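What the coordinates show
Okay, here's what each chain looks like letter by letter:
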Amino acid sequence: MAQTSAHPDDPHYITRSGWLRAAVLGANDGIVSVSSLIVGVAAADPAPDTVIIAGIAGLSAGAMSMAAGEYVSVSSQSDTERADIAREHAALKESPEEELVELAEIYRERGLSEETALQVARELSTHDALGAHVRDELGLSEALAANPLQAAFASGVTFSVAAAVPLLAAWFAPAGEIIPVVLVVTIAALATLGALGAKAGAAPVLRATVRVVLWGVFAMAVTAGVGWLFGVSV
Ligand SMILES: [Zn+2]
């Protein structure tokens, strides 16, 4: 049932949280892991083609593992939700009176008087008892329902698109300049991602941007160090 909003021009952001989280996570992971891989391999100073091949392998492996990981974790969340709802359904069948009292208690704790809480619990239970318990006792809502395929798709696609940024930078970089070019492009991409993610979730932009960029630079520095050590010792 479509809910009317008191401020349709300024909607709530909570309904975006599921796919937004998967998308930002996927994009951030894509940029950081593939740019770090490229910088790490380039620090070992191999032929430029080797760096590109490593980047392509990193992109496809990362996208698949991101999508698979998201699918598995969101599926287990959705399994848990379904099991809770089934348990609630059984409890409503076995002991409807106790469930009614439990629901009224939830409304009383939210500030209703005992009498009003019981009245509300009664009316909502008559209308849709399971719906009322799922929403008000389990805290589950359709807007937040776990959707494994959507989450897997969102994170796999955003990982690939984001990872293509440092990969293309490496591809078009002049010979011998792969590391500085990828570094600059990656920092710019991370700053954009941080700002976009913060804007989409109505969070403070500067803090989110600095956080994403610092972690990205740190990851690249560590892998570049490892790559350099490897290059020296081989
Ligand atoms: Zn219940």
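Each remark here, short or long, concerns the structure printed above.
The structure contained in this document is the topic of the report that follows. (Residues numbered from 1 in each chain as written. Predicted model: local features only at pLDDT ≥ 70, side-chain atom pairs only at ≥ 80, totals over all residues. Heavy atoms only, no water.)

1. Overview of the overall build of the chain
Within the chain, the regular secondary structure consists of seven helices and zero strands. Mapped from its N terminus to its C terminus, the chain presents α and β elements in the order α-α-α-α-α-α-α. Residue burial in the chain is summarised as follows: out of 234 residues, 34% are buried. For the chain, long-range pairs separated by at least 24 residues make up 74% of all intrachain contacts whose partners lie at least 6 apart in sequence. (Helix = DSSP H or I, 4+ residues; strand = E, 2+ residues; numbered from the N terminus. Buried < 20%, exposed > 50% of the residue type's maximum accessible area, 1.4 Å probe, protein only. Contact = heavy atoms within 4.5 Å.)

2. A short note on the packing of helix 3 (residues 96–109) against helix 4 (residues 114–136)
Where helix 3 contacts helix 4, the two axes come as close as 8 Å, and the packing angle between them is 110°. Between helix 3 and helix 4, the interaxial angle falls into the category roughly perpendicular. With respect to the hand of their crossing, helix 3 and helix 4 are arranged in right-handed fashion. Facing Glu99, Leu100, Glu102, Leu103, Ala104, Ile106, Tyr107 and Arg108 of helix 3, the residues of helix 4 in contact are Glu114, Ala117, Leu118, Val120, Ala121, Arg122, Leu124, Ser125, Ala132, His133, Arg135 and Asp136. Residue classes in the contact of helix 3 with helix 4 are distributed as 11 nonpolar, two polar and seven charged. (Axes fitted to C-alpha atoms, helices over the stretch in contact; angles between N-to-C directions. Parallel < 35°, antiparallel > 145°, perpendicular 65-115°, else oblique. Left-handed = near helix turned anticlockwise from the far one by under 90°. Nonpolar A, V, L, I, M, F, W, Y, C, P; charged D, E, K, R; others polar.)

3. Focus: the side chain of Thr186
By secondary structure assignment, the location of Thr186 is in helix 6 (residues 178–200). Beyond its immediate stretch of four places on either side in the chain, Thr186 contacts Ile31, Ser35, Pro166 and Met220.

4. Considering helix 4
Three or four residues apart is the spacing at which side chains of an α-helix point the same way, because the helix has 3.6 residues per turn. The end-to-end C-alpha separation of helix 4 is 17 Å, well short of the 33 Å expected for 23 residues at 1.5 Å each. Those residues of helix 4 not exposed but buried are Ala117, Ala121, Gly131, Ala132, His133, Val134 and Asp136. Where helix 4 is buried, its residues meet helix 2 (48–94) and helix 3. (Expected span 1.5 Å × (residues − 1).)

5. What to know about the nonpolar core
In this structure, Val34, Ile38, Phe159, Ala170, Ile178 and Val182 are the most contacted members of the largest nonpolar core, which totals 19 residues. Looking at this core, the elements with two or more residues in it are helix 1 (17–43), helix 2, helix 5 (148–172), helix 6 and helix 7 (205–233). Apart from the residues within four sequence positions on either side, Ile178 is in contact with Ile38, Ala42, Val51, Ala170 and Ala173. The next biggest cluster of nonpolar side chains, apart from the first, holds nine residues, and it includes Ile31, Val32, Ala189 and Val213. (Core = buried A, V, L, I, M, F, W, Y, C linked by side-chain atoms within 4.5 Å.)

6. Re the packing of aromatic side chains
Any aromatic ring pair is given by two values, namely how distant the centres are and how the planes are angled relative to each other. All chains considered together, the criterion is met by one aromatic pair. Taken together, a centroid distance of 5.9 Å and an interplanar angle of 80° make the contact between Trp215 and Phe218 edge-to-face. One end of the pair, Trp215, and the other, Phe218, are both in helix 7, three residues apart, so they sit about a helical turn from each other. Here Trp215 and Phe218 have matching classes, each one exposed. (Phe/Tyr/Trp six-rings, centres within 6.5 Å; stacked < 30°, edge-to-face > 60°.)

7. Thoughts on helix 5
Taking 1.5 Å of rise per residue, 25 residues should cover 36 Å, and helix 5 covers 36 Å from first to last C-alpha, within 8% of that figure. A maximum bend of about 30° is found in helix 5 at Val165, where proline Pro166 lies one to four positions downstream. (Bend = angle between axes of the 7 residues up to and from the residue.)

8. Focus: a nonpolar patch on the surface
On the surface, Ile56, Leu168, Trp171 and Phe172 cluster together into a nonpolar patch covering about 470 Å² of accessible area. With three residues, helix 5 is the single largest residue contributor to the nonpolar patch. With respect to the secondary-structure elements, Trp171 resides in helix 5. (Patch = residues over 30% accessible without salt bridge, like charges linked within 9 Å, V, L, I, M, F, W, Y side chains within 5 Å. Areas by Shrake-Rupley, 256 points an atom, 1.4 Å probe, with all protein chains shown as cover. Salt bridge = Lys/Arg side-chain N within 4 Å of Asp/Glu carboxyl O.)

Limitation: the analysis is restricted to geometry and does not speak to function.
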